[in-house]
Amino acid sequence: MPISSPTTQKPASPAGTHLVQGLGLFSATAIVVGSMIGSGIFIVPADISRNVGSPALLIAAWLVTAAMTMIGALSYGELAAMMPRAGGQYVYLREALGPMWGFLYGWTLFLVIQTGTIAAVAVAFGKFLGVFFPGVSASHWLWHIGHVPAWRVGPMLLGNMDIGLNTANLAGIAVVVLLTSINVFGVRLGALVQNVFTTAKAAALLGLVVFGFLLGRNADAIRANFGANFWKGASFSTLHAVEVGVGGSIAMVGLFTILAVVQTGSLFSADAWNNVTFTAGEVRNPRRNLPLSLAVGTGLVLTLYILSNFVYLMALPLHGDPHGATIFARGIQYASEDRVATAVLQEIFSARGAYLMAAAILVSTFGCVNGLTLAGARVYYAMSRDGLFFKAAGQLHPRYRTPVVSLAVQAVWTCLLCLSGSYSQLLDYTMFAALVFYILTIGSLFVLRMRRPDAERPYRAVGYPVLPAAYIVMAAWICIVLLRYKPQYTWPGLFIVLVGVPVYMLWSRRGTAQSPD
């Protein structure tokens with residue numbers, strides 16, 4: 001597949017028909033931070049704790065996530081500065097590996113990764129809104145179409161979901177429609193919303209850390225989790241139980257394998273940092289601001305994530321009783337509905353803690369939906385300009401110069417996912433599919449260094465080639481482990497990606513590329 005170079009591309013679109021460069025460094029960083037912080041950090045540690053059974057391995061899981069995410073961000077910085085165009089990761093794959101690989105990423109992003117994440121985060125907003133308004137609930141049906149029965153396919157369990165409109169997903173749909181509408185009225189307005197809510201959510205997470213360290217320390221929890229107990233169960237000789245597939249046999253695995261298994265949770269909680277690259281066509285001084293926003297944004301979030309887990313360990317014992325009568329007795333492993341952060345704040349502020357945490361998560365999820373909505377539409381816009389998506393999605397609003405049709409199509413599919421109840425299953429598949437494309441994109445760094453050695457690179461990836469190669473090895477190991485031990489998360493994701501191949505063949509025959517923006 002021939003690789004286009006900047007010198008052979010078509011001239012830019014006439015003035016008035018291109019995206020507006022309305023995002024400065026703060027706004028770009030806010031997209032990184034706001035897209036990463038959703039609700040995962042407040043919930044996922046419970047599931048990780050049940051799998052690893054060790055305070056040291058809980059922290060190790062987040063350190064692995066932090067290392068991989070930082071290497072990924074620093075590597076993407078070079079690609080972003082080299083090709084600061086709308087579409088980001090889609091563009092990098094297209095330029096390095098060919099149009100089909102770019103399309104497969106965009107296809108999976110639209111079908112599963114971006115829209116599924118938006119749907120899940122939006123419905124989470126609705127569920128936490130129910131803390132303040134009990135009428136907002138996933139069990140309060142306005143129109144219950146029916147229940148899809150469970151369908152077992154080998155090690156996978158599909159279906160088992162309710163379809164229809166309840167007050168929780170109605171609230172989520174309302175948030176999606178509201179934020180899509182706001183983002184139609186110019187990137188600056190969308191960025192303003194992102195800046196406000198990202199600042200608020202980062203402050204809330206920082207508040208959890210500060211109050212946790214100052215007021216949340218519990219002597220019994222510290223005794224149970226630190227000292228000699230910190231390393232208990234973390235030796236290379238310790239074996240950990242993993243259920244293979246859904247209802248499958250139990251396999252005993254070692255240290256590196258269990259850390260790979262639990263990355264589905266921690267990596268997902270830290271994902272979407274790459275979304276800022278989708279908006280590259282609207283970032284001012286992108287060759288400087290894109291790499292900087294990736295480094296600063298991911299560094300800030302990952303630091304808060306690791307500190308949050310230390311707070312959890314100082315406030316609650318890792319091990320707990322699923323039938324415990326108190327928050328402390330249930331521990332981190334069996335926090336009610338996995339809401340570890342809520343349990344910590346309830347220990348500090350009593351009943352008011354649940355309301356404080358619910359308010360923080362409402363702010364967090366609202367800002368996260370906005371960042372994902374703003375960024376995702378730019379990928380489909382770029383695909384359309386290449387003739388690989390609906391033609392109308394490549395058009396900009398005549399006044400606000402935003403990809404209005406791309407935003408609308410994304411919103412419609414997201415709302416359907418909210419109604420279908422399938423978003424939670426789709427999210428199970430996203431991390432594996434996303435990892436595959438991260439490997440391919442960081443591999444693109446090596447390809448472009450060889451094929452375009454003289455291309456302008458305002459920023460060069462730190463630690464190249466060692467750190468990018470280390471990322472590929474680590475991510476490949478996680479993928480191999482997930483294929484073996486968590487097939488319910490992997491094979492459906494691969495199927496979704498592969499279905500995109502014949503779709504690409506059909507679309508590329510009928511598509512007509514437009515001038516790149």
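Residues numbered from 1 in each chain as written. Predicted model: local features only at pLDDT ≥ 70, side-chain atom pairs only at ≥ 80, totals over all residues. Heavy atoms only, no water.

**Student:** Sorry, what's going on with the overall build of the protein here?
**Tutor:** Scanning the protein for helices and strands turns up 19 helices and four strands. Along the first, second and third principal axes, the C-alpha atoms of the protein reach 65 × 50 × 45 Å. In the protein, which comprises 517 residues, the share counted as buried stands at 58%. Of all intrachain contacts in the protein linking residues separated by at least 6 positions in sequence, the fraction that spans at least 24 positions is 79%. In the form shown here, the protein has an accessible surface area of approximately 20,000 Å², with 68% of it arising from carbon and sulfur atoms. Considering the protein, the positive charge centre built from 31 side chains and the negative charge centre built from 17 side chains are found 8 Å apart. (Helix = DSSP H or I, 4+ residues; strand = E, 2+ residues; numbered from the N terminus. Buried < 20%, exposed > 50% of the residue type's maximum accessible area, 1.4 Å probe, protein only. Contact = heavy atoms within 4.5 Å. Areas by Shrake-Rupley, 256 points an atom, 1.4 Å probe, with all protein chains shown as cover. Lys, Arg positive; Asp, Glu negative; His and termini not counted. Charge placed at Lys NZ, Arg CZ, Asp CG, Glu CD.)

**Student:** What is the right way to look at helix α15 (residues 352–385) in this model?
**Tutor:** Turn by turn, an α-helix covers 3.6 residues, leaving residues three or four places apart pointing in a common direction. Compared with an ideal rise of 1.5 Å per residue, which puts 34 residues at 50 Å, α15 spans 51 Å between its outermost C-alpha atoms and is within 8% of the ideal. With respect to burial, α15 is a largely interior element, 28 of its 34 residues being buried. Positive backbone phi, approximately 75°, marks G387, located one or two places after α15. (Expected span 1.5 Å × (residues − 1).)

**Student:** How should the environment of V123 be read in this particular structure?
**Tutor:** Looking at where V123 falls in the secondary structure, it is placed in helix α5 (residues 99–129). Judged by its relative accessible area of 3%, V123 is buried. For the pair formed by V123 and N169, sequence separation is 46 residues and the distance between their alpha carbons is 5.1 Å. Ignoring any residue separated from it by four or fewer positions in sequence, one finds V123 in contact with A168, N169, G172, C418 and Y423.

**Student:** Looking at this structure, how should I read the pairing of strand β2 (residues 156–166)?
**Tutor:** On a regular strand, one side chain projects to one face of the sheet and the next to the other, so that they alternate. By the bridge criterion, ten bridges tie strand β1 (residues 141–153) to β2 in an arrangement that is antiparallel. Bridge assignment links R152 to a residue of β2, and that residue is L157. Linking β1 to β2, which pair antiparallel, is a turn of two residues; within it G154 sits at a positive phi near 60°. (Pairing = 2+ DSSP bridges.)

**Student:** Just to check I follow, could you spell out the packing of aromatic side chains for this structure?
**Tutor:** Think of a pair of aromatic rings as described by two things: how far the centres are apart, and how the planes are tilted against each other in angle. Per the counting criterion, the structure on display carries 27 aromatic pairs. Between the aromatic rings of F103 and Y504, the centroid separation amounts to 5.6 Å while the plane-to-plane angle is 45°, which identifies the pairing as tilted. Taken as a pair, F103 in helix α5 and Y504 in helix α19 (residues 487–510) lie far apart in primary sequence, 401 residues in all. The ring of Y464 is capped by R449, whose NZ or CZ atom sits 3.8 Å from the centre of that ring. When the ring centre of Y485 is taken as origin, the NZ or CZ atom of R484, which lies over that ring, is 4.7 Å away. (Phe/Tyr/Trp six-rings, centres within 6.5 Å; stacked < 30°, edge-to-face > 60°. Lys NZ or Arg CZ within 6 Å of the ring centre and 35° of its normal.)

**Student:** Which parts of the structure should I look at to understand the side chain of T117?
**Tutor:** Along the chain, T117 falls in helix α5. Among the residues examined, T117 registers a relative accessible area of 12% and is labelled buried. Within polar-contact distance, the side chain of T117 engages the backbone oxygen of I113 at 2.5 Å. Ignoring any residue separated from it by four or fewer positions in sequence, one finds T117 in contact with V112, F268, L372 and L427. (Polar contact = N/O pair within 3.5 Å; in protein donor to acceptor, adjacent residues only side chain to side chain.)

**Student:** Got a minute to help me understand the packing of helix α17 (residues 423–451) against helix α18 (residues 466–485) in this structure?
**Tutor:** Relative placement of two packed helices is described by the angle separating their axes and the distance separating the axes. Relative orientation of the contacting elements α17 and α18 amounts to 155°, with a least axis distance of 10 Å. Viewed along their axes, α17 and α18 adopt a mutual orientation that is roughly antiparallel. Between α17 and α18 the crossing geometry is left-handed. Counting all contacts with α17, which are made through F432, L435, V436, Y438, I439, I442, G443, L445 and F446, the residues of α18 involved are P468, A469, Y471, I472, A475, A476, I478, C479, L482 and L483. (Axes fitted to C-alpha atoms, helices over the stretch in contact; angles between N-to-C directions. Parallel < 35°, antiparallel > 145°, perpendicular 65-115°, else oblique. Left-handed = near helix turned anticlockwise from the far one by under 90°.)

**Student:** Even after reading the chapter, I still don't get the pattern of salt bridges, so can you show me in this structure?
**Tutor:** Oppositely charged side chains may form a pair once their charged atoms are brought near each other. Considering all chains together, one arrives at ten salt bridges under this definition. R452 is paired through a salt bridge with E95; the nearest N and O atoms lie 2.8 Å apart. Taken together, the residues span a long stretch of sequence, with R452 in the loop between α17 and α18 and E95 in helix α4 (residues 89–97) at a distance of 357 residues. Given a relative accessible area of 11%, R452 falls into the buried group. With a relative accessible area of 2%, E95 lands in the buried category. Here E282 makes a salt bridge to R378, at a shortest N to O gap of 2.7 Å. Of this pair, E282 sits in the loop between α11 (275–278) and α12 (286–315) while R378 sits in helix α15; the two residues are 96 residues apart in sequence, bridging distant segments of the chain. By the burial criterion, E282 is buried, and R378 matches it. Salt bridges linked by common partners bring R94, E95, D386 and R452 together as one network. (Salt bridge = Lys/Arg side-chain N within 4 Å of Asp/Glu carboxyl O.)

**Student:** Can you walk me through helix α16 (residues 404–420) in this structure?
**Tutor:** Look at α16: 24 Å from first C-alpha to last across 17 residues, which is about the 24 Å you get at 1.5 Å a residue. Turning to α16, the residues buried within the fold contact α5, β2, α6 (167–184), α15 and α17. Immediately beyond the C-terminal end of α16, within one or two residues, lies G421, with a positive phi of roughly 75°.

**Student:** How should the packing of α6 against helix α7 (residues 187–215) be read in this particular structure?
**Tutor:** Following both chains from N to C, one finds α6 and α7 inclined at 130°, their axes separated by 6 Å at the closest point. Judged on the interaxial angle alone, α7 and α6 are oblique. Together, L179, I182 and N183 of α6 and L189, G190 and V193 of α7 make up the contact between the two elements.

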